[in-house]
Each structure stands twice: as C-alpha cells, then as structure tokens.
Amino acid sequence: MALSAPPHVPAHLVRSFNMATAPGMSSCPHKTVSELRKFGRIFYNLDADVRLGAGCWIPTRAEDIRAVLNDAALFSSRGMAGFAALLGEHWDLIPVEKDPPEHSAYRAVLNPLFGPTRMRAIEARIRVRARELLGAAGASSQVEFISAFGTPFPVSIFLELMGLPLARLEEFVEWTDALLRGATIPDRVAAAQAIAAYLRAEIDERKKHPADDVITYLSTAEVFGRRFNEDELIGSAMLIFLGGIDTVASSLGFHFLHLARNPALQAQLRANPEQIPVAVEELLRAYAIVGPHRRVTRDVEFAGVKMCEGDWVLCVTALANLDPEETMEPLEFRMDRGGARHLTFSYGPHRCLGAHLARRELIVALETWLLEAPAFEVASEADVRIHGGSLLGVDHLPLRWLA
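Quick look at the structure, then. Numbering of residues begins from 1 in every chain and follows the order in which that chain's sequence is written. At least 70 in pLDDT is required for a residue's local features to be given in this predicted model, at least 80 for side-chain atom pairs to be given and counted, and no such filter applies to totals for whole chains, interfaces and linings, which use all residues. Calculated side-chain values reflect all of the structure's heavy atoms, with hydrogen atoms and water omitted.

1. Brief notes about unusual backbone geometry
Put simply, the rule is: Here a strand is any run of E in DSSP of at least two residues, a helix any run of H or I of at least four, and the numbering for each starts at the N terminus. Think of it in three bands: with a 1.4 Å probe and only protein chains considered, a residue is buried below 20% of the maximum accessible area for its type, exposed above 50%, and partly exposed in between.
Cis peptide bonds are those with omega within 30 degrees of zero, and the linkage from Ile 94 to Pro 95 qualifies with 10°. Checked against the element boundaries, Pro 95 lands in the loop between α3 (83-86) and α4 (102-110). Here the residue pair Pro 100 and Pro 101 is connected by a cis peptide bond, since its omega of 5° sits within 30 degrees of zero. Along the chain, Pro 101 turns up in the loop between α3 and α4. Positive phi outside glycine occurs at Glu 329, with the angle close to 45°. Following the sequence through the fold, Glu 329 ends up in the loop between α14 (317-321) and α15 (355-372). Accessibility expressed as a relative area gives 46% for Glu 329, which makes it partly exposed. Although it is not a glycine, Ser 346 adopts a positive phi angle of roughly 70°. Within the fold, Ser 346 resides in the loop between α14 and α15. Classification of Ser 346 as buried rests on a relative accessible area of 11%.

Below, the structure is given as structure tokens:
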C-alpha cells in the first residue's frame, strides 16, 4: 500500500526510508541509522512500519527524542504496538501502552518482578546457565553464537522466571520473530493469535495451580484495589513474554560481534575484568536496538514542525545514542566516556521494566566468555546476518576459537 504524507506535512520534509530493507541496514544498521541526520532535525518518513498503516515523524536529535519519550501527555504510547488490534481486541500492553498517571499504578505492581533485589537472588542461576551453554559451545572448533548462546542464554533464564517450558524455546522464538518482524499482516496476526492463546491457557492453569513464577504473580496481582482483569492479564503477560524472548538476545548478538571483531578489547577486558560493566554500558550505547512509537495527542508545533493529533512519531534510540552533539565520535567504541548517557532502555516513564535483568545477563555473558574461554573471532564475515527494522538484531554469527 503506497502511503502519502498528510496535508500539513511540507513536501521538503518527506522522505522514504525503510528501517528493515534500506541499503546498509543488513550490514551496518547503526552507522546507516546515524546518517538519517542528513535529513535535518526532523523528517516525515513514508516508508513506515507495516502495522501503522501510516507514515511517521522521525526526530534525529537526542534532545528531541528524549522530549518525546518524556512527555506522555503530548506523545501517547497507547496503541503503539498494536498487537491487540491484530486480534480485533482492545487491551493494552501493560505498562508500555498505558499513559501516566494510570501507568504508574501498573508499573508499581510489576517493578518487583525485575527489581535489583530479585536480580541479585537469581544471579547464581544466571551464571550456571551461562557456563552450561559455553561448555557446550566450546566442544567444537567454531560455534554459531546466536543459536548456541545468544538466544538460549537469556531466553532460558526468562522462561524459568515465567514458569514456561524450556522445551518450547525455539517455538516461542519463532512466534516472537513473526510477530515483531513478519513481512505481512497475516503473518503477524497468526503469531499474535498463537502467543495470546498460549498465554491465556497458562494464566488459566496458574489460577488453578499456582507456582513460584511470573505468570502466577500476574494472576494474583492487584491494581486499584482489585485483581487484574482478563485484559490486564493478557496485556502484561504479552509484554513480558515479548521482552524476555527478544531484546537481550538481540543485544548480545551485536555485543559479541563487536568483541569478535576487536581482539584487543577482549584482551583488555580479560586482563581487567572489573572494566566489563563499563564495556557493557558502552556497548549498550553503541548498539541500541529499539525504536518505540508515540502518537501525538493534540495539534502542536514541535522541533520546528507542525504536528497534528493522530500523527505517529518514531523514536529511534540509536539516533539519540549516536548524536554527535552529545557524544564525541559517537560511532567509535570508547571505554573512557565516563558513563555517557544513553537511551537504550528508553527514557521517561516508560523506561525498560527489565533493565536490571538485561544488564545482569549482559555482564554475566561477557564475564563468562572472557574469563572462562579462549579468545574468539568471526569465522566468516560473509555469513554474518543482521536484520533491520524497528527492533534491530543479529540472526547469524559464526565464531571461531583462537586457541
């Protein structure tokens, strides 16, 4: 379906950039995204996400992206994912499709699931799982990182927290990939149906037979002085499921691709393991993966343009992290930035619920590989596969041990 810009969008601000298929997005997506600044402070993109059915504004400066993400009254997150609409239903992903002040009540209920205290309690299990997977991967002279570690490591930890069967990991990953990156609406509808039906059955099971897991927690959670209703249950379970299946796995792919291409960095971190958390933070800055949408709630002038109620805005976090006005030489990986701020976990009221778990998993992954295994490199650059889109990731990463 060919899109056209609304009448209030000046023609000189209209562009067509496909986040999934534009040249460079399958090889060096972050460098490619950073070049969107050539279109100016903000532009209107006609080649938007298939689920929107409309174009969207893309601000290119970190300051403007933060302003959008921090102002829920003007830039609403309601309907930003649109998964319920795919099913002909009307629930929200909780809490990301709820705006303040309602959002705060849901966030308070869900925060304990992934807070620092809970993450410290499960760290030993995270380390055991990392060692198990590394041990299996080290049995051969080379390994495909994504299938051997990048996906099963964070996803297996998440499935344990959710109380879902590890045996279905590959199926869950396939569903999630089809929902987030399916080429057609029917592909996404089928995936949404499969995930929603499965989670609803699991919720019903926990109501009858409670366990020590996230789904049981949701099935007994209370908000506004009452239990979660059915829409709130599926909305919160769906969000946690999708976040747990995809995001850390996507980040690990980029982080280990960078390490594999930089043996000197591997050596530095092996010799100075106390620097690993610093390296993780710089990797998070350099390789942001998400691009959340917001919808304008009223006519307004923003970033020098007129936006109308109903317009979509795409906040590309990689653009913010790679803004040269805020970060010197942003495309360079540097350990001496002194904690340069980034938007990889978003910003404002909708900052990532699972940020503590993600950081812990990323640090443990680097510590395990760098301190308990030989150095490694990319086995075949020609076989590295990366996908673009509103959620970036690495699909295939062949590594070879150097000792």
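2. As for empty space enclosed by the protein
Quick reminder of the rule: Each cavity reported here is a set of points on a 1 Å grid over the protein atoms alone in which a 1.4 Å probe fits but cannot get out, each pocket an open set with protein on both sides within 12 Å along at least five of seven lines, and each lining residue one with an atom within 4 Å of a point. Grid points are joined across faces, edges and corners, and a volume is the space filled by probe spheres set on the points. Classes in brief: Ala, Val, Leu, Ile, Met, Phe, Trp, Tyr, Cys and Pro nonpolar; Asp, Glu, Lys and Arg charged; the others, Gly included, polar.
The final tally for this structure, using the stated rule, is one cavity of 30 Å³ or more. By volume, the largest cavity is sized at about 50 Å³. As for the largest cavity, its lining consists of Met 19, Val 33, Ala 288, Ile 289, Val 290, Gly 291, Val 316, Ala 318, Gly 389, Ser 390 and Leu 392. By residue class, the composition of the lining of the largest cavity is eight nonpolar, three polar and no charged.

3. Details of the packing of helix α7 (residues 152-162) against α15
The following threshold applies: Angles shown run from 0 to 180 degrees and are taken between the N-to-C directions of axes, each axis being a line fitted to C-alpha atoms and, for helices, limited to the stretch in contact. Under this scheme an angle from 65 to 115 degrees is roughly perpendicular, one under 35 degrees roughly parallel, and one over 145 degrees roughly antiparallel; angles in between are oblique. Here a crossing is called left-handed whenever its near helix is offset anticlockwise from the far helix by less than a right angle, and right-handed whenever the offset is clockwise. Here a residue-residue contact requires only that any non-hydrogen atoms of the pair lie within 4.5 Å.
Closest axis-to-axis distance for the α7/α15 pair is 11 Å, and the angle between their directions is 135°. Relative to α15, α7 is oriented oblique. The crossing of α7 and α15 is right-handed. For the pair α7 and α15, contact is made by Phe 153, Pro 154, Ile 157 and Leu 161 and by Leu 357, Glu 361, Val 364 and Ala 365, respectively. Residue composition of the contact of α7 with α15, grouped by class: seven nonpolar, no polar and one charged.

4. Quick word on the pattern of salt bridges
As a reminder of what qualifies: Just to be clear on terms, a salt bridge is a Lys or Arg side-chain nitrogen sitting within 4 Å of an Asp or Glu carboxyl oxygen.
In this structure the tally under the stated criterion is 30 salt bridges. Salt-bridge contacts for Asp 92 lead to Arg 78; the nearest nitrogen and oxygen are separated by 3.1 Å. In this pair, Asp 92 is assigned in the loop between α3 and α4 and Arg 78 in the loop between β4 (75-76) and α3, connecting sequence segments 14 residues apart. By relative accessible area, Asp 92 is classed as buried at 10%. We classify Arg 78 as partly exposed; its relative accessible area is 41%. Between Asp 246 and Arg 181 there is a salt bridge whose closest N-O contact spans 2.6 Å. One end of the pair, Asp 246, is in helix α11 (residues 230-261); the other, Arg 181, is in helix α8 (residues 169-181), and 65 residues separate them in sequence. Take Asp 246: its relative accessible area is 7%, and that puts it in the buried class.

5. Focus: the packing of helix α5 (residues 116-137) against α7
Two quantities define a packed helix pair, namely the angle between the helix axes and the distance between the axes. Between α5 and α7, whose axes approach to 10 Å, the crossing angle comes to 135°. Put simply, α5 runs oblique to α7. Relative to α7, the crossing made by α5 is right-handed. Contacts between α5 and α7 pair Arg 118, Ile 122, Arg 125, Ile 126, Arg 129, Ala 130 and Leu 133 from the former with Pro 152, Phe 153, Ser 156, Ile 157, Glu 160 and Leu 161 from the latter.

6. What about the packing of aromatic side chains?
Working definition: an aromatic ring pair is given by the centre-to-centre distance plus the angle between the planes. Formally: Planes of paired rings set the category: under 30 degrees apart is stacked, over 60 is edge-to-face and the rest tilted, where pairs are Phe, Tyr or Trp rings (Trp by its six-membered ring) whose centres lie within 6.5 Å.
By the definition in use, this model includes 22 aromatic pairs. Here Phe 149 and Phe 256 contribute two aromatic rings whose centre-to-centre distance is 6.5 Å and whose plane-to-plane angle is 45°, an arrangement assigned as tilted. Of this pair, Phe 149 sits in helix α6 (residues 145-150) while Phe 256 sits in helix α11; the two residues are 107 residues apart in sequence, bridging distant segments of the chain. Ring-pair connections join several aromatic residues into one group, and the members of that group are Phe 145, Phe 149, Phe 153, Phe 256, Trp 369, Phe 376 and Trp 401.

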